[in-house]
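Results of the structural survey
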Amino acid sequence: MSLSDIVFLGTALITIMAAVGMVSFKNIVHSALSLVFSFLGVAAIYFQLEAGFLGLVQILVYAGAISVLIIFAIMLVMDREVNETNLSHPKKKYCGGIIALLITLGLGAAIINTVWTPAKGYLPEDKVGAIAELLMGNYVVAFEIAALLLLVAVVGAIILAKGVGQND
Amino acid sequence: MINLTHYLLLGTILFGIGIYGVLAKKNAVAVLMSVELMLNAVNLNFIAINKFVAKSQMIGQLFAIIIIVVAAAEIAVGLALIIAIFRQKKSVNLNDFNLLKW
């Protein structure tokens, strides 16, 4: 086992533990912090996959912006004791667990049984430049639509959260 | 030796945990958090496949960026909806969100 294998296994273990903690903590603030750990673990795996730009975007957008948004929303909608805010549904818990387990096992078996032929060649040296050329070249329409979607979504979120016609 | 299979299995496990959270949780914010975890698992698959199968192009990373944008929009609208519903119902329990159910 080389060093990179050990690093991958450690990061994967931390990520999975944090994700399991996210769904099993009873206090939703603890769940949110566990989710941040999981995002950071995924960012570390992006770095191992030679996707440094994506790793930085992951840290900025997920571990930075989205987690702050989630924690603010939790603070705004907390109405009673915080200790028991993230409970599982008593009956759907088992049903959901079985469905999740079946999907995981099915997908995992499919992945293990598939023969992946690794490609020749190397990733481009200038990765950010390569992404920029794609974004501004062949995929410029997707880029513009994504920008418009983000603008519309954020304006819509402000209107929804503020409430229409309640200027008090 | 770590190869593509291990990365894809990690993505699958994260996706499964996300599915469990979506199906089993009562708190609407926890459901949104689980959806974010599932989107992360999908991004991980895209980037792993980009590195191991389609090396010369960066399309997998491009897809991941677009998914991150959509995820940010989704969480913003979702949390705003939850805050709007909380103002009406004084609850974030999904069992109380039954306005359209009869």
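A few points on the structure. (Residues numbered from 1 in each chain as written. Chains lettered and ligands numbered in written order. Predicted model: local features only at pLDDT ≥ 70, side-chain atom pairs only at ≥ 80, totals over all residues. Heavy atoms only, no water.)

Let us look at the packing of helix α3 (residues 52–77) of chain A against helix α3 (residues 59–89) of chain B. Where α3(A) contacts α3(B), the two axes come as close as 10 Å, and the packing angle between them is 5°. Looking at the two axes, α3(A) sits roughly parallel to α3(B). For the pair formed by α3(A) and α3(B), the contact residues are F53(A), L54(A), V57(A), V61(A), Y62(A), I66(A), L69(A), I70(A), A73(A), L76(A) and V77(A) on the first element and Q61(B), A64(B), I65(B), I68(B), A71(B), A72(B), I75(B), A76(B), L79(B), I82(B), I83(B) and F86(B) on the second. Class assignment for the residues of the contact of α3(A) with α3(B) results in 22 nonpolar, one polar and no charged. (Axes fitted to C-alpha atoms, helices over the stretch in contact; angles between N-to-C directions. Helix = DSSP H or I, 4+ residues; strand = E, 2+ residues; numbered from the N terminus. Parallel < 35°, antiparallel > 145°, perpendicular 65-115°, else oblique. Contact = heavy atoms within 4.5 Å. Nonpolar A, V, L, I, M, F, W, Y, C, P; charged D, E, K, R; others polar.)

Here the focus is the interface of chain A and chain B. How big an interface is tends to be expressed through the accessible area that disappears when the partners come together. The interface is formed by 80 residues belonging to chain A together with 69 residues belonging to chain B. Each partner contributes to the roughly 6700 Å² buried at the junction of chain A and chain B, and carbon and sulfur atoms together form 77% of this total. Our count for the contact surface shared by chain A and chain B stands at one salt bridge. Between K51(B) and E50(A) there is a salt bridge, and its shortest N-O distance comes to 3.3 Å. Summed over the shared surface of chain A and chain B, the result is four residue pairs in polar contact (both at pLDDT 80 or more). Mapped onto the side of chain A that touches chain B, the elements with two or more residues apiece are α1 (3–24), α2 (28–48), α3, α4 (92–113), α5 (127–136) and α6 (140–162) of chain A. Per element, the largest residue contribution to the side of chain A that touches chain B is 13 residues, and it comes from α3(A). In terms of residue class, the side of chain A that touches chain B is made up of 56 nonpolar, 16 polar and eight charged. (Buried area = accessible area lost by both parts, 1.4 Å probe. Salt bridge = Lys/Arg side-chain N within 4 Å of Asp/Glu carboxyl O. Polar contact = N/O pair within 3.5 Å; in protein donor to acceptor, adjacent residues only side chain to side chain.)

A separate point is α5(A). Residue and element names in this part refer to chain A. Looking only at α5, the buried set comprises A130, I131, L134 and L135. The buried residues of α5 occupy one face: seen down the axis, they fall within an arc of 135°. Those residues of α5 that are exposed and angled more than 90 degrees off the buried face are E133 and M136. The N-cap residue of α5 is D126: its side-chain oxygen and the backbone nitrogen of G129 are 3.2 Å apart. (Buried < 20%, exposed > 50% of the residue type's maximum accessible area, 1.4 Å probe, protein only. Arc of directions from axis to C-beta.)

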